[in-house]
Structure formats: structure tokens, C-alpha cells
Amino acid sequence: MAFGQPKIEYKTNSQILKMRAAGLVLAEALDEAAAAATIGTTTGEVDAVFAGVLERHGATSNFKGYHGFPATICASVNHEVVHGFPSDYVLQDGDVLKIDGGAIVDGWHSDSARTVIVGQADPEDQRLSDITEEAMWRGIAALADARFVGQIGEAIDDFVSAAPGKPLGILEDYVGHGIGSEMHQAPDVLNYRSGHRGPRVKPGLCLAIEPMLVRGNIETRVLEDDWTVVTTDGSRASQWEHTVAVHLGGIWVLSAHDGGVAGLAPFGVVPSPIEA
């Protein structure tokens, strides 16, 4: 701790490669969990699919047991924004499911989330998810040239605020974070303009970038389970997240199969893998 600010953990290339291994397992687990999220499936069954992929690869969950969290994914449906428990809830046509999960390989963490719309999507729900996903990629693209972490939130806020159609809200109470030898580390990664530039971007910085957007008011509350975050007005929410590394050669999206090639292409950013 220096001057009241948590110390940031900067990773070596070999440590980033271990995080990449965790990210690839996580990407596969999210693929299979998302594919399992169909009408008539329970969120508990989706969690079991995700857990099975981790077990198959000898990876462990960084969610299960975290401050008592009971599952390997957060499964948050509709007005549940984040931190929802998988359960016997049966997915219905049109449900908006946020699947947030993580993996640990050799002590190094990865964290990623996707929004899945079950069955036939309401066009406004699809728009919500699409804008949230693009906001994530714009934040990641901004990191490629950023001098300070706060520029990520500025890029996300500018895009969301300018999006045509009904305004969407950016949650301010829940933000991205540093990641590495632990799942949650310094620094916080805001998804909005704050006037605070944040720490300087330097090689070895690894971040989980995760905008959460809502169709209504940004006010939230936590349910009696002390975990599940819901919108107070019942509006639907979306979350997208990737783990990203900064190194001397550029940035690398550790939890994307292609390292971020497709997601970053529209912004003229080419990710740079680290050679083993």
C-alpha cells in the first residue's frame, strides 16, 4: 500500500502465458455453457456443464467458494445484473442470461462473461446485449493506446452515450478490475467517465474489462442471498467481460480463442500474442 492506493501486480511474460492457458479453458467452458442455455434447461444445469469443462482440463474455479459463493458461474437472469446463483430455475423463451465465470491454471486466473438470449430475442434486449458487447471491445481497443486506465471508461461511456435509440444506463456500482495471481486485484476499471485518470498503463498490467448496461435506471439492490444484484426498476441488464494483458508487444485478449483478433478488427487494433 502506497499513499493509500493498493499496489498493482505487474506480470512477466511467462505469467501472462499461464493466464492465457486459463483463458483458453475458460473460453471453452463459456462456449459449452452458452450452448447449453436453451429453453427448458435450468441454470444449475448450465453451471454443471461449465464445471465439467474445467474438470476435463484439470483447471479449478475461482468463483466456487469465493467468500462462500456456491457455484462455478454467476447465472443472472433478466433484471438480475450480476452475481446470481445457478439454481433449478428453468430458462424461458426470451430470457436474458448473463454467464460470468472464471478459471485457474497453475495459480493464475482468468475471468470472462457473456450475455446469452434464450430462444427468441426481444429486439431491445438484443440491442442491449450488442451495445454492451461492443462497449467492451471499444474499452479493450482504447487500452491499446491508453496512457491511463481511466481512458477505458471514457471510451465505453462515449460509445454508449452516443448510441442511437433509447438511452441505456451504465452501472457505476460494479466495475472491472485487475487480475492475476488473484481474481480481484487493483486497479478498479471504471466503465464511465469520472474525471479520474487512474493508474498509468504499463507492460504487465492485466485487467478484466466488464461493462454492465441496463435498459432502465442504474439503481440496483442486493437480494437477501447477499449476492444477487438486481435493478430496482426491474429493467433487464447485460454483461460482457474479457481478461486482457498489456505487454511490451501490445495487448492480448487472454480469454478470447483468437486473442481478440475479430473483436478488435473494427477498431484497427491487432492483438499481439506472446510466444511461448
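Residues numbered from 1 in each chain as written. Predicted model: local features only at pLDDT ≥ 70, side-chain atom pairs only at ≥ 80, totals over all residues. Heavy atoms only, no water.

For the protein, the name recorded in an unreviewed UniProt entry is Methionine aminopeptidase, with Arthrobacter ginkgonis as its organism. Its UniProt record gives the protein a comment under Function (unreviewed entry), which states: "Removes the N-terminal methionine from nascent proteins. The N-terminal methionine is often cleaved when the second residue in the primary sequence is small and uncharged (Met-Ala-, Cys, Gly, Pro, Ser, Thr, or Val). Requires deformylation of the N(alpha)-formylated initiator methionine before it can be hydrolyzed." Regarding the protein, the UniProt comment filed under Subunit (unreviewed entry) reads as follows: "Monomer." (UniProt positions renumbered as here; feature names shortened; annotations may be inferred.)

## Some thoughts on unusual backbone geometry
Between alanine 186 and proline 187 the backbone carries a cis peptide bond, its omega angle lying at 5°. Structurally, proline 187 can be placed in strand 7 (residues 185-189). One non-glycine residue, histidine 67, adopts positive backbone phi at about 50°. Residue histidine 67 is classed as exposed on the basis of its relative accessible area, which comes to 67%. Unlike most non-glycine residues, asparagine 78 shows phi in positive territory, near 60°. Among the structural elements, asparagine 78 can be located in the loop between strand 1 (73-77) and strand 2 (80-82). Under the relative-accessibility criterion, asparagine 78 is labelled buried at 14%. (Helix = DSSP H or I, 4+ residues; strand = E, 2+ residues; numbered from the N terminus. Buried < 20%, exposed > 50% of the residue type's maximum accessible area, 1.4 Å probe, protein only.)

## Observations concerning helix 2 (residues 43-56)
Taking 1.5 Å as the rise per residue, helix 2 with 14 residues should run 20 Å; its terminal C-alpha atoms sit 20 Å apart, in good agreement. What helix 2 keeps buried is the set Thr43, Val46, Asp47, Phe50, Val53 and Leu54. Buried residues of helix 2, seen end-on, are gathered within an arc of 120° and therefore sit on one face of the element. Where helix 2 is buried, its residues touch helix 1 (13-36), strand 1 and strand 3 (96-105). Positive backbone phi, approximately 70°, marks glycine 58, located one or two places after helix 2. (Expected span 1.5 Å × (residues − 1). Arc of directions from axis to C-beta. Contact = heavy atoms within 4.5 Å.)

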